[in-house]
Amino acid sequence: MKKEFLTSQTTVFIFDSGLGGITIYNYIKNIFLNINFIYLLDNKYFPYGNKSKNFILQRLIKILQKISLHHDITLVIIACNTASITSLPELKKYFSFPIIGVTPVIDLAITKTKNKIIGFLATNTTLQNYKIQNKIHLLKGKYIIKIISSPKLVFLAEQKLLGDKIILNEIKKIFFSWYKLKIFPDTIILGCTHFPLIKNELKIIFPKNIKFLDAKKYIIYKFKQLIKYNKNLSNTKKNIVYFTKIDKNINKIKNIFLKINFHMFKKFRT
Ligand code: DGL
């Protein structure tokens with residue numbers, strides 16, 4: 001059912017295991033200007049890349065139950081491919097507000113590739129998921145899908161955002177097997193929201209003119225379908241960041257969010 005929120009403030013809750021969801025937030029914040037955003041990074045359990053379906057689903061249910069007690073949530077964006085592919089649509093059954101999520105854009109990649117060789121970067125849990133496995137299986141014979149799952153790539157992306165120097169050779173090593181290919185993929189699916197953070201580094205180490213694809217445009221499309229966005233609402237901007245653990249990076253994390261218009265920081269207890 002289409003929900004309309006014309007008079008009250010729209011509050012969008014964005015979830016990721018870490019900082020990768022910022023790639024989705026940065027994209028939508030420029031399109032929807034007067035929305036309150038709440039971002040939760042589950043840094044206590046980061047990374048999600050090898051976590052089980054059951055763990056992720058139970059964790060998300062717990063987080064959404066608690067967050068919706070304290071905030072009037074208009075829409076939830078699971079800005080984490082690993083969490084979306086494992087938990088949607090089950091998660092939706094527990095809540096009355098709409099929940100959307102990013103998942104790897106395999107269908108889009110098929111329409112974009114010319115040489116029929118597609119690179120697919122995602123976490124282990126995403127790649128092992130039966131929906132992804134089935135899709136890859138159906139494409140056998142028609143396309144070559146070169147898969148890479150690397151927790152290190154997720155860490156490197158997070159480190160880059162935290163201000164650490166990224167050594168290109170470290171990234172290159174992850175793609176060692178691709179350099180032996182006769183033909184390189186012309187289209188690469190960034191199937192983890194952390195990976196757009198290191199797109200520039202990937203562009204340097206890969207051949208020119210590769211198309212990098214992710215699901216951010218899909219999020220805008222779904223958003224517009226579900227929310228009647230009222231651009232005339234006054235902007236009361238109360239963006240909040242919740243983190244689930246206070247660690248050595250917490251001040252750096254706060255600074256990252258301060259720069260993108262989040263001014264309230266809270267520890268989320270689960
Ligand atoms: N950013 C997440 C994704 O899109 C997960 C990274 C991780 O926690 O391993 O899959």
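Everything below is about the structure shown above.
Small disclaimer: the values here were computed from a predicted structure and weren't measured.

Rules used throughout
- Residues numbered from 1 in each chain as written.
- Predicted model: local features only at pLDDT ≥ 70, side-chain atom pairs only at ≥ 80, totals over all residues.
- Heavy atoms only, no water.
- Pairing = 2+ DSSP bridges.
- Helix = DSSP H or I, 4+ residues; strand = E, 2+ residues; numbered from the N terminus.
- Axes fitted to C-alpha atoms, helices over the stretch in contact; angles between N-to-C directions.
- Near = heavy atom within 4 Å.
- Polar contact = N/O pair within 3.5 Å; in protein donor to acceptor, adjacent residues only side chain to side chain.
- Core = buried A, V, L, I, M, F, W, Y, C linked by side-chain atoms within 4.5 Å.
- Buried < 20%, exposed > 50% of the residue type's maximum accessible area, 1.4 Å probe, protein only.

### A word on the sheet that holds strand β9 (residues 211-213)
At step 1: Read across the open sheet, the four strands follow the order β7-β6-β8-β9; overall the sheet is parallel. The open sheet is flanked by β7 (144-148) and β9, the only strands paired with a single partner. The sheet shows a mean angle of 20 degrees between the axes of neighbouring strands, taken without regard to direction.
At step 2: The pairing of strand β6 (residues 117-122) with strand β8 (residues 187-191) spans five bridges and is parallel. Residue pairing for β8: A122 is matched across the bridge by G191.

### A short note on the site of the ligand
At step 1: Near the ligand lie 14 residues; those nearest to it are S17, Y48, N81, T82 and H194.
At step 2: Within the backbone of Y48, an N or O atom sits 2.6 Å from an oxygen atom of the ligand.

### Considering unusual backbone geometry
At step 1: Cis rather than trans, the peptide bond between F46 and P47 has omega equal to 0 degrees.
At step 2: In this structure, P47 sits in the loop between β3 (36-41) and α2 (53-70).
At step 3: Cis geometry marks the peptide bond from L88 to P89; its omega dihedral reads 5 degrees.
At step 4: Its location among the elements puts P89 in the loop between α3 (81-87) and β5 (99-101).
At step 5: Residue N209 is not a glycine yet carries a positive backbone phi of 65 degrees.
At step 6: Tracing the sequence through the fold places N209 in the loop between α9 (199-205) and β9.

### Description of the nonpolar core
At step 1: Counting 47 residues, the largest nonpolar core has I14, I28, I77, F120, F223 and F257 as its most contacted members.
At step 2: Core analysis: the second largest hydrophobic core is formed by 25 residues, I38, L57, F95 and I99 among them.

These results come straight from atomic positions and should not be treated as a statement about function.
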